[in-house]
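As a plain string of letters, each chain reads:
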Amino acid sequence: MTIFGVISVLAPIFGLIVFGAITAKQNWLGADATNVLNRFVIRLALPAELFKITCDVPLAELNHVGFAGAFGLGMVLTFGLNWLVCWRRDAGRPHRLSNAAIEGLSAGYANTSFIGIPVCLDVFGAQSMAAITISTLLTACSLFAIAIFMIEVDERAGGRTGSVIISVSRALALNPLIFMPFLGLVVNITGVSIPSAGTTFVTLLAGAASPCALLTIGMFLVESRKASTAPLFGTLRLAGMKLLVQPALTFLLAVTVFSEQPVWSREALVLSALPTGTGPFMLAKLYGREAGVASQVTLLTTIASVITLSTILVWVS
């Protein structure tokens, strides 16, 4: 894939963010549209997308331990490093745990579906769908679950230990972002047949997740351009960790620790080098945390990945 190919993949994403900004500037959807759209995505559309992914994936494709280990460990290390930086910086500040979780998520949450699918299919062919599926499950399910757990614990900080454990467990069990992927796996494993009307319903709802989330980011960037406290250095640090450090860690792990085959190592490298997805921003908005950093990292990494991702694709090709 050439640099023009990368631009053609990224252009619709950037275009939707810009269109969201224009929508907010012209006030086409009203004053509270950003919050309403965000709740729609995170409560309805994204859970449907996660259900569809886990329901449809051929279970045999998940049997690639080396790839999963390299991609997952690289993702978690990137998350953990940035979580630690934010945790140390915010000592004594409110919502320290959840802010650190959102910043860590901003550095480790790759856009494996919306960008990863066209890029990998073009470079590696149809066999790369297994790597795309595994990386999407690890990113959108596992890493999301870790961040949600931290935020829910932070929401209940100061309570009695037993009460906190019960309330956090209940919140996680009732969160559609947590139980819908597991429900999809149950349907997949048991072989339960879903009527065609139900499949169409889920597909239509899931298809709204990414475009609505990108519109929401553009709208938020316009509405918060004066109020946002997002520091430039923090945004640049997270973008650098996402586009440079995470792929370097992942590829090193794939080659040296897990001794993966060259094609799987290169797929892990490309998928980990993708720009930040919309997940961190959506969580920040849902829980009322500072969303400026997450939205700016998503925008910056999407633009900068034209250079970084193109360079990596030239090398793996």
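Residues numbered from 1 in each chain as written. Predicted model: local features only at pLDDT ≥ 70, side-chain atom pairs only at ≥ 80, totals over all residues. Heavy atoms only, no water.

**Concerning the overall build of the protein**
And then number 1: The helix and strand tally for the protein stands at 14 helices and 0 strands.
And then number 2: The C-alpha radius of gyration computed for the protein amounts to 19 Å, which stays within 12% of the reference 20 Å derived for 317 residues, consistent with globular compactness.
And then number 3: Referenced to the eigenvectors of the C-alpha coordinate spread, the extents of the protein come out at roughly 45 × 45 × 40 Å.
And then number 4: In the protein, the share of contacts with a sequence separation of at least 24, taken over all contacts with a separation of at least 6, comes to 85%.
And then number 5: Per element, the accessible surface of the protein, about 13,900 Å² overall, is 69% carbon and sulfur.
And then number 6: Treating the 18 positive side-chain charges of the protein as one cloud and the 14 negative ones as another, the clouds have centres 10 Å apart. (Helix = DSSP H or I, 4+ residues; strand = E, 2+ residues; numbered from the N terminus. Rg over C-alpha atoms; globule rule 2.2 N^0.38 Å. Contact = heavy atoms within 4.5 Å. Areas by Shrake-Rupley, 256 points an atom, 1.4 Å probe, with all protein chains shown as cover. Lys, Arg positive; Asp, Glu negative; His and termini not counted. Charge placed at Lys NZ, Arg CZ, Asp CG, Glu CD.)

**Regarding helix 5 (residues 116-124)**
And then number 1: Listed in full, the buried residues belonging to helix 5 are G116, V119, C120 and F124. The buried residues of helix 5 all sit within an arc of 90° when viewed along its axis, so they share a single face.
And then number 2: Among the structural elements, helix 1 (3-26), helix 6 (129-155), helix 12 (262-272) and helix 14 (292-316) are those in contact with the buried residues of helix 5. (Buried < 20%, exposed > 50% of the residue type's maximum accessible area, 1.4 Å probe, protein only. Arc of directions from axis to C-beta.)

**Digging into the environment of L143**
And then number 1: Relative to the elements of secondary structure, L143 occurs in helix 6.
And then number 2: Here L143 falls in the buried class, since its relative accessible area comes to 1%.
And then number 3: Sequence separation between L143 and G104 is 39 residues, and the spatial gap between their C-alpha atoms is 9.7 Å.

**Concerning the packing of aromatic side chains**
And then number 1: Per the stated rule, a full pass over the model turns up 7 aromatic pairs.
And then number 2: Geometrically, the ring pair formed by Y109 and F144 is tilted, given 5.4 Å between the ring centres and 45° between the ring planes. Taken as a pair, Y109 in the loop between helix 4 (96-108) and helix 5 and F144 in helix 6 lie far apart in primary sequence, 35 residues in all. Here the two residues Y109 and F144 agree in accessibility, since each one is buried. (Phe/Tyr/Trp six-rings, centres within 6.5 Å; stacked < 30°, edge-to-face > 60°.)

**Considerations on a nonpolar patch on the surface**
And then number 1: Together, F14, V18, F19, I22, W28, L29 and I303 make up an exposed nonpolar region whose accessible area comes to about 650 Å².
And then number 2: Looking at the nonpolar patch element by element, the count peaks at 4 residues for helix 1.
And then number 3: With respect to the helices and strands, the residue W28 is situated in the loop between helix 1 and helix 2 (33-56).
And then number 4: The class for W28 is exposed, based on a relative accessible area of 51%. (Patch = residues over 30% accessible without salt bridge, like charges linked within 9 Å, V, L, I, M, F, W, Y side chains within 5 Å. Salt bridge = Lys/Arg side-chain N within 4 Å of Asp/Glu carboxyl O.)

**Comments concerning the pattern of salt bridges**
And then number 1: Scanning the entire structure with this criterion turns up 8 salt bridges.
And then number 2: Between R237 and E103 there is a salt bridge, and its shortest N-O distance comes to 3.1 Å. Placement of R237 in helix 11 (residues 232-257) and of E103 in helix 4 is noted, with a sequence separation of 134 residues between them. Across the pair, exposure class does not vary: R237 and E103 are buried alike.
And then number 3: Residue E152 is joined to R156 by a salt bridge in which the shortest nitrogen-to-oxygen separation is 2.4 Å.
And then number 4: When salt bridges that share partners are traced, they join R89, D90, R93, E103 and R237 into one network.

**Here we look at the UniProt feature "transmembrane region" (unreviewed entry) in the protein**
And then number 1: Mapped onto this structure's residue numbering, the UniProt feature "transmembrane region" (unreviewed entry) falls at residues 6-24, 65-85, 97-117, 129-151, 172-194, 200-222, 243-262 and 299-316.
And then number 2: Structurally, residues 97-117 is divided into 67% helix and 0% strand, and its ends, taken at the C-alpha atoms, are 33 Å apart.
And then number 3: Counted over residues 243-262, helix gives 80% and strand 0%. Its end C-alpha atoms are 21 Å apart. (UniProt positions renumbered as here; feature names shortened; annotations may be inferred.)

**Focus on the packing of helix 2 against helix 13 (residues 279-286)**
And then number 1: Running from N to C, helix 2 and helix 13 point in directions that differ by 115°, and their axes come no closer than 10 Å. Crossing handedness for the pair helix 2 and helix 13: left-handed. When helix 2 is examined against helix 13, the residues T34, N35, N38, R39, V41, I42, R43 and L46 are found in contact with a partner set consisting of F281, M282, L283, K285 and L286.
And then number 2: Split by residue class, the contact of helix 2 with helix 13 holds 7 nonpolar, 3 polar and 3 charged. (Axes fitted to C-alpha atoms, helices over the stretch in contact; angles between N-to-C directions. Left-handed = near helix turned anticlockwise from the far one by under 90°. Nonpolar A, V, L, I, M, F, W, Y, C, P; charged D, E, K, R; others polar.)

**A short note on the nonpolar core**
Nonpolar side chains in soluble globular proteins tend to end up buried together.
And then number 1: Counting residues in each nonpolar core, the largest one holds 77 residues, and the members touching the most others are V270 and L283.
And then number 2: Among the elements that take part in this core, helix 6 stands out by supplying 14 residues, more than any other.
And then number 3: With residues up to four places along the chain from it excluded, the contact list for L283 reads I42, L105, F144, A147, I148, I151 and L177.
And then number 4: A48, F51, M180 and V187 belong to the second-largest nonpolar core, a separate cluster that totals 7 residues. (Core = buried A, V, L, I, M, F, W, Y, C linked by side-chain atoms within 4.5 Å.)

**Let's talk about the packing of helix 10 (residues 209-223) against helix 13**
And then number 1: Running from amino to carboxyl end, helix 10 crosses helix 13 at an angle of 65°, the nearest separation of the two axes being 10 Å. Here the hand of the crossing between helix 10 and helix 13 comes out left-handed. Two secondary-structure elements touch here, helix 10 through A213, T216, I217 and F220 and helix 13 through F281, M282 and K285.
And then number 2: Residue classes in the contact of helix 10 with helix 13 are distributed as 5 nonpolar, 1 polar and 1 charged.

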